[in-house]
Amino acid sequence: MAQVEKRGGLLRKSSASKKPLKEKVVLMYDEIFMTEDPSKCSPRFWEELFLMKVNLEYLEGKLESLDGEELMKIKDNINCLFQHCIQALGEEHPIRVVNALQNLMESLDSLLCAEGSESLKSLCLKLLLCLVTVTDNISQNTILEYVMINSIFEAILQILSHPPSRREHGYDAVVLLALLVNYRKYESVNPYIVKLSIVDDEATLNGMGLVIAQALSEYNRQYKDKEEEHQSGFFSALTNMVGSMFIADAHEKISVQTNEAILLALYEAVHLNRNFITVLAQSHPEMGLVTTPVSPAPTTPVTPLGTTPPSSDVISSVELPLDADVQTSNLLITFLKYSSIVMQDTKDEHRLHSGKLCLIILTCIAEDQYANAFLHDDNMNFRVNLHRMPMRHRKKAADKNLPCRPLVCAVLDLMVEFIVTHMMKEFPMDLYIRCIQVVHKLLCYQKKCRVRLHYTWRELWSALINLLKFLMSNETVLLAKHNIFTLALMIVNLFNMFITYGDTFLPTPSSYDELYYEIIRMHQSFDNLYSMVLRLSTNAGQWKEAASKVTHALVNIRAIINHFNPKIESYAAVNHISQLSEEQVLEVVRANYDTLTLKLQDGLDQYERYSEQHKEAAFFKELVRSISTNVRRNLAFHTLSQEVLLKEFSTIS
């Protein structure tokens, strides 16, 4: 019996005298790639097509062989293929659904990679985003099983690595990738996670970084414009007349929704790919915004600031400067400015989650050895203008007075700013813990590598002590909701880190003296903390163990207070001085270091590394659900039916 060999859609008998035959599905594909409507002569053409077993190899070959001109000639048939694939997905016949999905995904993948109509690529990406976000919980979207097996990862990377495609479609591509990475990420091996973690192509990583930076920078620019508009308007004039009583309300009005989708993309890149860390630090010269004329876009409902991709005038033929306020900038600076905006107001759940994601990203950065190397590099100095929350007791710092410093100073400034501005009844305990952890991890690197950072450490020490005072003064209210001793222990251990290892990373001996001066000056706060934790640790209550840990951690701080205070009082009495100056106190401190005995505390420079799966899975599941809903709501499909949208694209020449 003659053997039948299947190759490239051909059915070829072993006899050389016979002409090779093509499968029926291949013949039908050939009809689609002609200029005539295939259903004109065969009204049931599309119904029959989806009952045929898909020949992916042949379909892919036909799509890849098309150039831009050829594609435009058969655009009507390609649009019909898309339209009927979408319609078939809604049918009950499983064979038709599977075959339609295979045809659709292969067409999308090939068109994304092809050199041709940018409009078709845009449609492909929006269709993919529509398919991915069809359910709020993307892990329950069974369509994505096919996308996992037949990966479009390479097509996404091709868009990001190619500047013209990136400018047109980069935002959608990055958001799509972020969503695909989160499909059943804790339940099975997600190929997109594996592939993203090993990407090392410089052009691709830089392209992804540019897309993220542009979206964040556009958000920063819009926020700044709104802020300036607010300050120059009626409300500002009223505030100047009446006083600062309206500051809180004014700030509330310019609070805007964060772009969580692009923030998630940044997180996945930083968390999964070590090579992406280099993208954070790449400096770019300052450039002016270039606005290019754009054709009118279809009318879409107004969405909150930051939830939609940057407009066409931002992603223009010239790449956007990453920070318009400084001569040079990079993705990290843009992200820090963005974080300083979204972390200002955490009163509602949405903003709380945004601030949490920013701190998680900073946690990943603070743990990375290479990231720390450029954060602390004295040769990489930048002027970073962080946004500061309006407060009655302080004036806004002038931008021109900002010094150029290593980037780690801006990270510490952001952490100090958060500590100072969020002591409130609805206390964001989780964010405070993450904030202190970021500071601790940076100190661990400085101690390990003996980096002597020239930073105004007093601002950090003062902020930490004020935070302790807040915890004590609101003990009853906070203990009803939180274990405040976890945070108190972390703060005390930060001081222990400075006491034990400060001589290895503080910039000068006088900085170490100033640390002791601050502890002695604020001794009443530490005494009150000790009294509180001692009281709770000696009672048989639920906080006994947690309070005991703080009691033991305070041993060196109390030793410093008990050692120096009597000597300071004696010095004042001998010299008949009622109130010593700072320099006089420091003189006493320097003269009595030798007789001070401190206890060596273990583990101060150790920390538990960040782990998403074990501790953050619930947070990311809810976050991705929110992003999926938001992306679906903001897609163009919510104003145009599938047929209308395809018809609109078919008229593009």
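Residues numbered from 1 in each chain as written. Predicted model: local features only at pLDDT ≥ 70, side-chain atom pairs only at ≥ 80, totals over all residues. Heavy atoms only, no water.

A.B. asks: Sorry, what's going on with the overall build of the protein here?
C.D. replies: Along its length, the protein carries 32 helices and seven strands. Here the protein holds 653 residues, and the buried ones make up 53% of them. Long-range pairs, those at least 24 residues apart, make up 78% of the contacts in the protein between residues at least 6 apart in sequence. Split by element, the accessible area of the protein, about 30,600 Å² in all, is 52% carbon and sulfur. (Helix = DSSP H or I, 4+ residues; strand = E, 2+ residues; numbered from the N terminus. Buried < 20%, exposed > 50% of the residue type's maximum accessible area, 1.4 Å probe, protein only. Contact = heavy atoms within 4.5 Å. Areas by Shrake-Rupley, 256 points an atom, 1.4 Å probe, with all protein chains shown as cover.)

A.B. asks: Even after reading the chapter, I still don't get the nonpolar core, so can you show me in this structure?
C.D. replies: Most often, soluble globular proteins have nonpolar side chains that are buried together. Core analysis: the largest hydrophobic core is formed by 172 residues, its most contacted members being F276 and F485. Here this core takes 14 residues from helix α24 (residues 484-505), the largest share from any one element. The contacts of F485, once residues within four sequence positions are left out, are L479, M532, V533, L536, W543, A546, A547 and V550. Core analysis: the next-biggest nonpolar cluster, separate from the first, contains 24 residues, V25, L63, L66 and I74 among them. (Core = buried A, V, L, I, M, F, W, Y, C linked by side-chain atoms within 4.5 Å.)

A.B. asks: Could you clarify how one ought to interpret the environment of P163 in this entry?
C.D. replies: With respect to the helices and strands, P163 occurs in helix α10 (residues 163-181). Through-space distance from the C-alpha of P163 to that of A203 is 9.3 Å; in sequence the pair is 40 residues apart.

A.B. asks: Quick question: what am I supposed to make of the side chain of D368 here?
C.D. replies: Along the polypeptide, D368 turns up in the loop between α18 (349-367) and α19 (369-375). Exposure remark for D368: the relative accessible area of 7% places this residue in the buried category. At 2.8 Å, the side chain of D368 and the backbone nitrogen of A371 are in polar contact. Excluding residues that lie within four positions of it along the chain, D368 makes contacts with R274 and I277. (Polar contact = N/O pair within 3.5 Å; in protein donor to acceptor, adjacent residues only side chain to side chain.)

A.B. asks: Explanation requested: unusual backbone geometry in the structure shown.
C.D. replies: A negative phi angle characterises most non-glycine residues, just as the trans form characterises most peptide bonds. Of note, the phi angle at R184 is positive, near 45°, even though the residue is not glycine. As for its placement among the helices and strands, R184 is situated in the loop between α10 and α11 (191-197).

A.B. asks: Sorry if this is basic, but what is going on with the packing of aromatic side chains here?
C.D. replies: Two aromatic rings are characterised by how far apart their centres lie and by the angle between their planes. For the coordinates displayed, the defined rule picks out 20 aromatic pairs. Each ring, one from F427 and one from Y432, has its centre 4.6 Å from the other, and the planes form 10°; the classification is stacked. The same class applies to F427 and to Y432, which are both buried. Note on Y516 and F564: the rings are 5.8 Å apart at their centroids and 85° apart in plane angle, and the pair reads as edge-to-face. A residue pair is termed long-range when its members are at least 10 positions apart, and Y516 in helix α25 (residues 509-521) and F564 in helix α28 (residues 555-574) qualify at 48 residues. Members of the aromatic cluster, joined through ring pairs, are Y455, W457, W461, F498 and F505. Over the ring of Y501 we find K447, and its NZ or CZ is 4.6 Å from the ring centre. Here R558 stacks its cationic end above the ring of Y530, 3.7 Å away from the centre of that ring. (Phe/Tyr/Trp six-rings, centres within 6.5 Å; stacked < 30°, edge-to-face > 60°. Lys NZ or Arg CZ within 6 Å of the ring centre and 35° of its normal.)

A.B. asks: I'm lost on the packing of helix α17 (residues 331-342) against helix α20 (residues 407-421) in this one. Help?
C.D. replies: The relative placement of two packed helices is expressed as an angle between their axes plus a distance between the axes. Where α17 meets α20, the closest approach of the two axes is 11 Å, and the angle between their N-to-C directions is 10°. Taken together, the axes of α17 and α20 are roughly parallel relative to one another. Contacts from L332, I333, L336, S339 and S340 of α17 reach α20 at L407, A410, V411 and L414. Among the residues making up the contact of α17 with α20, the classes are represented as seven nonpolar, two polar and no charged. (Axes fitted to C-alpha atoms, helices over the stretch in contact; angles between N-to-C directions. Parallel < 35°, antiparallel > 145°, perpendicular 65-115°, else oblique. Nonpolar A, V, L, I, M, F, W, Y, C, P; charged D, E, K, R; others polar.)

A.B. asks: When you look at the environment of E569 in this model, what are you seeing that I'm missing?
C.D. replies: Residue position: E569 is located in helix α28. For the pair formed by E569 and L580, sequence separation is 11 residues and the distance between their alpha carbons is 9.2 Å.

A.B. asks: What is the right way to look at α24 in this model?
C.D. replies: Every α-helical turn comprises 3.6 residues, leaving residues that sit three or four positions apart pointing alike. Roughly 50° is the biggest bend found in α24, and it falls at I499. Along α24, 17 of the 22 residues are buried, which leaves the element largely enclosed by surrounding structure. Two or three places before F485, at the start of α24, stands the capping residue N483, its side-chain oxygen 3.1 Å from that residue's backbone nitrogen. (Bend = angle between axes of the 7 residues up to and from the residue.)

A.B. asks: For this particular structure, what's the right way to read the environment of E31?
C.D. replies: Position of E31 among the secondary structure elements: in helix α1 (residues 24-32). On the accessibility criterion, E31 (35% relative accessible area) is partly exposed. Separated by 46 residues in sequence, E31 and N77 have C-alpha atoms that sit 9.1 Å apart. Residues within four places of E31 in sequence aside, it is in contact with E36, P38, F45 and N77.

A.B. asks: Help me out: how do you make sense of the side chain of E475 in this one?
C.D. replies: Structurally, the position occupied by E475 is in helix α23 (residues 475-479). Those residues in contact with E475, other than ones at most four positions away along the chain, are I484, M532, R535 and L536.

A.B. asks: Would you take a moment to explain the pattern of salt bridges for this structure?
C.D. replies: Think of it this way: side chains of opposite charge can pair up when their charged atoms draw near. For the structure shown, the criterion picks out 27 salt bridges. Between K441 and E367 there is a salt bridge; the shortest N-O distance is 2.7 Å. Separated by 74 residues along the polypeptide, K441 in helix α21 (residues 429-449) and E367 in helix α18 bring together distant segments of the chain. By relative accessible area, which is 4% here, K441 ends up buried. The shortest N-O distance in the salt bridge between R388 and E417 comes to 3.7 Å. In this pair, R388 sits in the loop between β6 (381-382) and β7 (405-406) while E417 sits in helix α20, placing the two residues 29 residues apart along the sequence. With a relative accessible area of 11%, E417 lands in the buried category. (Salt bridge = Lys/Arg side-chain N within 4 Å of Asp/Glu carboxyl O.)

A.B. asks: Honestly, α28 in this entry has me stumped. Any pointers?
C.D. replies: Its 20 residues give α28 an end-to-end C-alpha distance of 29 Å, which sits within 8% of 28 Å, the value for a rise of 1.5 Å per residue. All of the buried residues in α28 are N556, I557, I560, I561, H563, F564, N565, I568 and A572. Two residues or fewer after α28 comes H576, characterised by a positive phi angle close to 55°. (Expected span 1.5 Å × (residues − 1).)

A.B. asks: Would you explain the packing of α18 against helix α31 (residues 617-634) in this entry?
C.D. replies: Following both chains from N to C, one finds α18 and α31 inclined at 125°, their axes separated by 12 Å at the closest point. Considered as vectors, α18 and α31 are oriented oblique to each other. In the packing of α18 onto α31, the handedness of the crossing is left-handed. Contact with α18, carried on its side by H353, K356, L357 and I360, involves F619, F620 and L623 of α31 and no other residues of that element. (Left-handed = near helix turned anticlockwise from the far one by under 90°.)

A.B. asks: Whenever I open this one, the confidence of the model for the protein confuses me. Can you help?
C.D. replies: Low-pLDDT portions of the prediction should not be read for the details of their coordinates. In this model, the protein carries a mean pLDDT of 81, and residues with pLDDT of at least 70 account for 76%. Across residues 648-653, where pLDDT falls below 50, the model places 13 contacts with residues more than four positions away in sequence or in other chains. (pLDDT = per-residue confidence, 0-100.)

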